[in-house]
Structures are given as C-alpha cells and as structure tokens.
Amino acid sequence: MRASMPARMAAMVLLACAAGSRAAGAAGLAVVDVTVVDVETGRGVPHRTVLVEGDRITAVVGAADARIDVDAVRVDGRGRWLVPGLVDMHVHLFNTVSHRPPNDWALPMFVANGITGVREMNADAASIAVLAAWRRETDAGERIAPRVLAAGVAARVREPADAPAAVAAVAGAGADFVKVFSEVGAPQWRAIVDAARERALPVAGHVPASVELLDAATLGQRTDEHLMQAYEACSSIEGVLLRERAGIDGDALGALRDAQEARALAAFDRGTCARVARRLAASGQWQVPTLVLAWTEARRHASLAQADPRWRYLRADERERWLRALEQAAAHPDPLARRRWQVTRAIVSALRAANVPMMAGTDAPMPEVYPGFSLHDELERFVDAGYSPGQALSAATLAPARFLGIEATSGSVAAGKRADLVLLAADPLRDVRNTRRIEAVLLGGRLLRRADLDAVLQDAARRVAFRTAPRRSRIDAITRAPHRRHARSG
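So, here's what we can say about the structure. (Residues numbered from 1 in each chain as written. Predicted model: local features only at pLDDT ≥ 70, side-chain atom pairs only at ≥ 80, totals over all residues. Heavy atoms only, no water.)

A few points about helix α13 (residues 337-353)
No. 1: Its 17 residues place the ends of α13 25 Å apart at the C-alpha level, agreeing with the 24 Å of an ideal helix rising 1.5 Å per residue.
No. 2: Within the sequence span of α13, burial applies to Ala 337, Arg 340, Trp 341, Val 343, Thr 344, Ala 346, Ile 347, Val 348, Ala 350 and Leu 351.
No. 3: Among the structural elements, α7 (230-233), α9 (250-266), α10 (270-283), β12 (286-288), α11 (291-298) and α14 (373-384) are those in contact with the buried residues of α13.
No. 4: At the C-terminal side of α13, Asn 355 shows a positive phi close to 60 degrees. (Helix = DSSP H or I, 4+ residues; strand = E, 2+ residues; numbered from the N terminus. Expected span 1.5 Å × (residues − 1). Buried < 20%, exposed > 50% of the residue type's maximum accessible area, 1.4 Å probe, protein only. Contact = heavy atoms within 4.5 Å.)

As structure tokens, then:
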C-alpha cells in the first residue's frame, strides 16, 4: 500500500533525525547505567543496562556486567530513569459521529509524550481497516504512531432482539470489544452482553444510565469508563434515581440522568462508596475514570484555550469543534463542575482503598484534553486522589498490559518484552510530574532522542497549520461535552 502524504512526511522527519536515532538492528542498542523503574513494586533499580535488539529487550543486567556490541547504539542512562512506554486506555482516533477525517494529526503527539500504546474506544468497520494501514506504515518506519492495542465498535440496538445481529456486525468488523454507551436501555444492554458472551467478545464502555454499576460489573461488562453510574452507586439515593429512569432509553434517558446529577452529587456518601468499592473489587471489573475530564471542567477558562502552546498541534476542524464547545461553556457555565471534581476524586480514593483495578485514560481529544500531553495530567490526578506516583505509573503501564492479556510481552522493563520504553531526566517515583521530563522514547526499538521528539512536534504543528477544516455533514454531536453528558466522541 502506498504511504499517505502524512505518513510520508512523518517518515521524512524520522529519516532527518540524528544518525544515532535509529532502530536497534543486529548490533543492538544499549541504555547504559540507568535506573529501571519496576512498575510492579514501585521501586527504582539503579545501575542497570538494558540491551535491545530489533523491537525486543534482550537483557536487563547490572551495568558492570553488561556486554555491549562495539557497534551498538549507546544511550547514556546515568542519572536517568527508564520506564515502560505509557498507554492511554481511552482515546478517539476516529470521528464516527461527525464523519470528519481520522485524527491522524494526534498520533505524533502521543509518541512525543512517551505514549507507545492506545485503546481506541469508538471505531467502525472502515476505521479498523485504517488502523491496519497505520500499523503497516508504523512497522515500516513510515509513520510515527503508538500501537493501537485494542479497538471497540458500538453495537447499535433499538430492541433486545436486535442484539445478536448487532454484535455479529461488531465481530465482523474485526473489533476487539463491543462498546456500549450511557443511553442504552437496560433490556438492550443485557441482550448485548448475552450476545457478546456467545461470541467471546468483551463488552466495555459506559455503564448505561438504566443499569446499576454493580449489576453491570457482576453480569460481565469488563470496564466502566468515566465512572459512569459510580456517582449514583456512591450516593444514598441510587435506587430512587434508577427507578425514575426505568423504561427510558436513548436521548430521553441521557437528559433525565443529567437533570438528576445535582441530586446524585449532593447525596454522595463515603460509607456507601466504600461498601460499593469492596464489592466492585471482588467483581473483577476494571475502571478507566478519565479524571482529566472532571478536572478540566472544574478549572475551565474558555478564553485561555488559544493561548495554550499545545493549541498549535490541533487540526483546523478540531480547533473549530473545541471553540464551539468552549464558547457554549462560557455562555452557560456548568454550576456542578467544582462539586463533580470533588466527588470524582473521593470516589477514586475509595476505589483505590479497596484495590479496584484501575487504568489511565483521557478521552482525548475532547475539548482541552490534548492527545499525549493529557495523560500526564491524568497521572497527576491519580496522585491527587491518593495514589502513590508508582501506583499511578502502573495504571498507565502494567495495568493495561494485564487487562489486555499482553503482560508477557508488554507493561514492564524486562527481557523478552517489546522495546517500548521512555527515558526520563528525573525520578517519576518521587514526583509523578517527572513523567513529562522525557529525554528519549524507544518505539518498538526505534530510538527517538529529545531533539527527534521536538522535530516530530514541530512537523506536526507545520502540517496542521496548512490544513483547512474539511467539509463535513455536521459538527460533532457533542458541543459542551461536560463530564456526565458525553455520549459520543468524534
């Protein structure tokens, strides 16, 4: 397949990088005398040398014991920390609602921020084919992009009887899981779960507004995104709220849920939340809280968006989408934003205390959620909620690998694992903000030093600067897109 223009331009940037920044070939690559961060124990192991050949780590040994090929690329690790490549477990690379072109402009932003893997949350059959092309281009060195570790497709169901055919269509598209949204009615949701179980397809996404969180967890929904229904479950009035929603679905269900939100937040109860968290931990359901959404809304200043230095990386149509959303937010300020963030942080603190499995995700590119950059915001918000820096880092490395069943080849710095690595200038276990201090990224064994990453970002800004907004049928369905209302992204 002939590489697309963005892919060819990215390849030109890659080829223009410093001569030492290349894939680890037969002679290999060595990160010498570095502190390796053990994301399972949350400890740093100093004076290690990490050897890489091709796209794999071949050894992690004491610096004094390392045997390095004379022709190997050497990366000085002294006074630096090496962590696994980060993973954003909730992103949107496709605009299936507005029918705009894919968000390929975001791909280099992820890599420049140390994110080597992502999970796509709302694809379709055409998107799955695009992902395959991107993967080939990335493997060939023609595109700078993270690996898409999983992609979900929504099951569109009007009646429960529609579920088997809808799930069959999801499977036929090549999706890794069935995505569900908040507005799905309870009978339809149960039919989707049953049909997906027949095909051994996981179900993930929003716990529908008509379903209790613990019911969704025990009946088989693998993840809950954005803490959907956790606010109700952690309140003293969950039963009342759900009885009011009984028999409603679609937009009417979403509108009622939004109208009830103030009551749900006011009724937050720490004791109830602790009990729910313990039962949730026993269920095995994973949470992707996307804390950065509630945090961003609580501190939103729409007039400052275009002054953000990251604004220049957004494609023109994305800027337009954000501006419309931010203008509407300025015209109609969200009175619940501050309280929502307070309750969000309290819920995640309760989940942490109960050892509920958690993963880091951002929902990028929702307004003011910059692809790549915002995962670092997310890790900081985990720490705000009581996580240690090491626990937060694990939520973006080891936890995704375990959830996806790829722990044998990903998620930590160990021999035999894929050489997706990030070299940091400061200790992330001391201060999680140090994950931003990136000196180099290994993307499947391909070394991108700091100067290379800067060049990648500069090229990304140049490319979007010369693009005009493409024609499309309509602007995104989500305009204001507050934390509790976003039913669709893209």
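Thoughts on the environment of Arg 190
No. 1: Inspection of the secondary structure assignment puts Arg 190 in helix α5 (residues 186-198).
No. 2: Along the backbone, Arg 190 and Gln 221 are 31 residues apart, and their C-alpha atoms lie at a distance of 9.9 Å.

Topic: the pairing of strand β6 (residues 86-91)
No. 1: Taking burial as the measure, the six residues of β6 include six buried ones, the bulk of the element.
No. 2: Read from β6 through helix α2 (residues 107-112) to strand β7 (residues 115-123), the crossover connection turns out right-handed. (Right-handed = clockwise from strand over helix to strand, strands pointing away.)

Some remarks on the packing of aromatic side chains
No. 1: Counted by the stated rule, this structure contains six aromatic pairs.
No. 2: Aromatic pair Trp 286 and Phe 403: ring centres 5.5 Å apart, planes at 65 degrees, arrangement edge-to-face. Remark: Phe 403 occurs in helix α16 (residues 398-404) and Trp 286 occurs in strand β12; sequence separation between them is 117 residues. The exposure classification of Trp 286 matches that of Phe 403, with both residues buried.
No. 3: Aromatic rings pair up to connect Trp 311, Trp 322 and Tyr 370 into one cluster.
No. 4: Between Arg 381 and the ring centre of Trp 295, over which it is positioned, the NZ or CZ distance is 4.0 Å. (Phe/Tyr/Trp six-rings, centres within 6.5 Å; stacked < 30°, edge-to-face > 60°. Lys NZ or Arg CZ within 6 Å of the ring centre and 35° of its normal.)

So yeah, pure geometry; function would need other evidence.
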